[in-house]
Amino acid sequence: MVSSILHAFGSVLTPELLLVMLLGSVVGIVFGSIPGLTYSMGIILFLPMTFRLSPLAAISLLLGVYIGGMTGGSVAAILLGIPGTPSAAATVFDGYPLAKKGLAGKALGTALVASIFGGLLSVITLMIVAPLIANFALNFGPAEIFALVLFGLSTICGVSAGNILKGLVSGCIGLLVMTIGLDPVMGMPRYTFGFSRLIAGVDLLPFMIGMFAIPQIVQSFSTTEVKIENITSKKIKTVYPSLKELRRMFWLTFRCALIGIGIGSIPGTGGPVAAFLGYDQARRTKKSEGPALEGIAGPEAANNGVTGGALIPMFTLGIPGDAATAVLLGALMIHGLKPGPLLFSQHADFVYGVYAALIVIHVIVLFVQGFGIRFFVKILNFRKCYLFSTILVLCTIGAYAVNNNVFDIYVMFFAGLLAFFMTKYDYPVAPAVLALVLGPVMEDSFRRALILSQGSFNIFVTSPISLVFYSLTVLILIGQIRRSAKNAGSGTGK
Amino acid sequence: MKRIGLLLGFVLVSVCLFAGGGAEPSSGGSASAYPEKPIEVTCVFGAGSAADLITRKFSDLLQPILGQSLPVVNRTGGGQSIGYSHVKDQKPDGYSMIWTSNGLLTAYYQGNMDFKQEAFRSIARISYEPVSIAVKYDAPWATMEEFFQYIKNNPGKIRIGNSGVGSYTHLVAAAIENKAESKVVHVPFGQGLAFASIMGGQIEASVQLPSEVLAQHEAKQLRILALSSGERIAALPEVPTFKESKIDLEMILWRGIAVPAGTPNEIVKKLESAAKKAVESEDFKQFCAGMSIIPAFQPGAEFEKFIAEDDRLIGQLMKTIGTSKR
Amino acid sequence: MKIKNHSVAILALIVCGVWLLYSAKISDSTMPGAPGPKFFPYIIISLLAFLTILNEILSWRRLLQKKKMKTAGSVRGGVSEQEDCAHSPVQSFGEEAADRKKTFLSFVLIFFYIAGIDVIGFYPAAVLALFLALKGIMRINWLKSLSGTAIISGSVFIIFSLVFQLPLPRGIF
């Protein structure tokens, strides 16, 4: 296998393919770093362009967009407090406060390093143990996914900014929003309030863009320019985290990358879920409360782990691991390649070529984004008024482009209004986002599990995988209750 | 510096406004000049799905024939109603096209939409796709007859996955259940998840479009037991049809293109002949062969009759099964 | 501050009520074995109502306790919303008080911008909104507003409509 991979590098390091990968990566980074535009959009936009290319070139281009986009999402999250892609939502939590403290360069550097590390680890996993993982992932039926998602929701506490009760309320609000639209299992309309447009439900992307971006935009419009951010006044010194810091975060980054790989390989879950779980891990590893580089490394390693992870079921079984890989799958089919168990035997060259391309893409992204960090930071030097006006326009495009529906832009607006008031009354916004990400999966998997078992609740407790996640959830909740009891004890008490 | 900025600004603004206005052809442009700008094609399914792929391939083929690009726009959701509703409300000037399928009818009977094919002017039927039913390779049933017998004798034990409640694949599964006079558990899944569930042992069979399971069938992980079409298809020569397996059922998924009702005849005719050329091209034939699609061109007038007949059949079928709201 | 909190609680309960009302309209059909479409919404509504009421009760209790402490001569304990878990991972609004009128206007502007996208098309609406935002809300002089509007909308146009050919709403045109 080693010789085939080396040979594959040869086929990949041609001018044509290098150009294509560079293009894809740059486009991906740009799309990822601009709030409102996502890598999914980029992949779909560039799909027609790939028809004329050879299969390897086509898939390399799209992979470049995918990986570049996932990595680039951290830029806007850190610098502006608006996630560039939904998978970068968790990066905002520690990234943005760190940037405000003047550590923007280091934050961006950490995000980049963690992302590339997570991505490369996922590619290596893909190369070596893909079939094993794919087969294991098949054991994740609806009941197991439900357990997993329940575990994910228990991390809500970590993002509740101190007030669990309000965090839970925020989560409930997110869940309520999720119920609008067609019921995921039966296809029955719910809570459409007579508006036919609402039948499509509330899409995650416009809602998330709205929650993060609109309050920022409004704030920048309505406050005087002079001293909003002090990021620009401080000089950006270091761009990469120091070796000591890297060593400190290594184990965390590794863990979160694994989480990402796992989540990616389970069809039905994707980037945002992994990012939130990664953030939760980081929160536990941090030495102190307060924003730290760990809070960036965790989510970023996780979401890039998803990229390789999602390719595992795609290549070995022909099932897409997430929405972006679904389009990649389509691209392969148009080129006459059928991803699946036979791909290896029939087109081994192609598969090895893809592996080589993946590694090269990560290197390209590392350099391009690393080089670009200096320029990204300069963005903050723009006058806030122009910067946020541009962001407003871009966000409307991004919200529209999800489903080519103006309605989604309204969703963005109302989400922003909601987030504004929630923050005003000290309700954390993050749990609502988490609920919107996980809620649909939770309901869908719960009901489908019951359909499979024909009403018997046994299906939830008989699988060892489910039990593992349930115990983890219980442990977290116990830990949480204990902590809050301790804190409350020193306060006004219950 | 300021003045340059001002000049640049005005230039850009004027470019903007002109481009925004100028992108429209002169009002009521003559049909012989059609198409004068890109034609937007809507696909009611998500990017990467079988429907999306044929849409994109066809757009690619039509571009040199019509001389304009046909960008594909995915408008999903609402059980396909969002996409259909959007296009039906567009101006009938030939610049909004949509791909229709039996989904248009099932969505109507399901109650997701209040209109069906009359809201559109059908241009041409493009393709057929049979629906396949597949089980795990090492399942106890090697043929469709065995499986059908099992369903007959064991009501409520078999779980069959489909691509969504009310979808065409669900309809096929329900029709089988009906013919067997038995009961089956229908488990709706999103795209692609059904296969994972078969392998994971959570369902026994799955009803899907062959292109979605072709690779796994060839790899001998799944076994496609039968196809719903009237005849076998080239991509799967060894797979019998329902009729050959002694099940009196023939159902086929058709796809075609349409524009909003009221589009002028000359435009429709132009699109129809362009579509005919595309369907008859070698490129398209090769594409279909790889995706187990059957090219099935039918000109607009006959197509509309065909849809009307299918409308009747589907309405009846859904009523019998009990999934119809009308 | 306290009054605001209570109004939020009332609002939440109203939302619960509205949702409950509309829950009745959902059809009950479901596949055998699984709960219908109403199941989850009911759970969420009850959870929300429960949490809201719990929150209310707790804040009243704290209020009463504070009153007791005050009359006892010492002011103890923190305000309700304090550190149980970690720090705030969410953006907190700037230290300076944002101009309320401008905030309100910004929201209104954005809303009409979106409505404009639907009615008069994307670019006309964007040009209008940008200009009004720069000149009207942020009070930038004519020159800078116009050039800013032009540059932003121009670049967006070039990138999205010319290079990417992304279809954007045309409005009534």
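Only a predicted model underlies this, so the values are computations on that prediction, with no experimental measurement involved. (Residues numbered from 1 in each chain as written. Chains lettered and ligands numbered in written order. Predicted model: local features only at pLDDT ≥ 70, side-chain atom pairs only at ≥ 80, totals over all residues. Heavy atoms only, no water.)

### Details of the sheet that holds strand β1 (residues 40–43) of chain B
Residue and element names in this part refer to chain B.
Now for step 1: Taken in spatial order, the six strands line up as β2-β1-β3-β10-β4-β11 in an open sheet, and their pairing is mixed. Unpaired on one side and paired on the other, β2 (72–74) and β11 (294–299) mark the two borders of the sheet. With strand direction ignored, the average angle separating the axes of adjacent strands in the sheet is 25°.
Now for step 2: Judged from the four bridges that link them, strand β4 (residues 120–130) and β11 form a sheet pairing that is antiparallel. Following the sheet pairing, alanine 124 is matched in β11 by proline 299.
Now for step 3: Packing against the sheet, helix α2 (residues 50–66) makes contact with β1, β2, β3 (96–101), β4 and β10 (252–260), and its axis sits at approximately 160° to β2.
Now for step 4: Its contacts with the sheet place helix α3 (residues 81–88) against β1, β3, β4 and β10, and it is angled at close to 140° to β3. (Pairing = 2+ DSSP bridges. Helix = DSSP H or I, 4+ residues; strand = E, 2+ residues; numbered from the N terminus. Axes fitted to C-alpha atoms, helices over the stretch in contact; angles between N-to-C directions. Contact = heavy atoms within 4.5 Å.)

### Overview of the sheet that holds strand β6 (residues 159–162) of chain B
Residue and element names in this part refer to chain B.
Now for step 1: Spatially, five strands are ordered β7-β6-β8-β5-β9 in an open sheet, and the strand pairing comes out mixed. Both edges of this open sheet fall to β7 (185–188) and β9 (222–227), since each of them pairs with a single strand only. Each neighbouring strand pair of the sheet contributes to a mean axis angle of 30°, computed without reference to strand direction.
Now for step 2: Relative to β7, β6 runs parallel, the two being bridged by four bridges. Bridging across to β7, isoleucine 160 finds its partner in histidine 186.

### Things to note about the domain arrangement of chain C
Now for step 1: If you check the domain split of chain C, you get domain 1 (2–28 + 35–72) and domain 2 (100–163).
Now for step 2: Placing a centre on the C-alpha atoms of domain 1 of chain C and another on those of domain 2 of chain C gives a separation of 39 Å. (Domains from an automatic or database assignment.)

### A short note on the pairing of β9(B)
All names here are of chain B.
Now for step 1: Counted residue by residue, β9 has five buried out of six residues, so it is predominantly covered.
Now for step 2: Bridge count for strand β5 (residues 132–136) against β9 is five bridges, and the pairing is antiparallel. Within the sheet, the bridge partner assigned to valine 135 lies in β9 and is arginine 223. (Buried < 20%, exposed > 50% of the residue type's maximum accessible area, 1.4 Å probe, protein only.)

### Remarks on unusual backbone geometry
Residues and elements named next belong to chain B.
Now for step 1: For glutamate 181, which is not glycine, the phi torsion reads 55° and is therefore positive.
Now for step 2: Looking at where glutamate 181 falls in the secondary structure, it is placed in the loop between α6 (168–180) and β7.
Now for step 3: A relative accessible area of 70% places glutamate 181 in the exposed class.

### Some details on the environment of Arg248(A)
Residue and element names in this part refer to chain A.
Now for step 1: Its place among the elements puts arginine 248 in helix α9 (residues 243–265).
Now for step 2: When the C-alpha positions of arginine 248 and valine 474 are compared, they lie 28 Å apart, and in sequence the two are 226 residues distant.
Now for step 3: Residues within four places of arginine 248 in sequence aside, it is in contact with Lys287 and Glu294.

### A word on the side chain of Gln208(B)
Residues and elements named next belong to chain B.
Now for step 1: When you line up the elements, glutamine 208 lands in strand β8 (residues 205–208).
Now for step 2: Glutamine 208 gets classed as buried once you look at its relative accessible area, which sits at 6%.
Now for step 3: A polar contact of 3.2 Å, which involves the side chain of glutamine 208, links it to the side chain of glutamate 212.
Now for step 4: Residue contacts for glutamine 208: discarding those within four places in its chain leaves Val131, Ser132, Thr169, Ala194, Phe195 and Val213. (Polar contact = N/O pair within 3.5 Å; in protein donor to acceptor, adjacent residues only side chain to side chain.)

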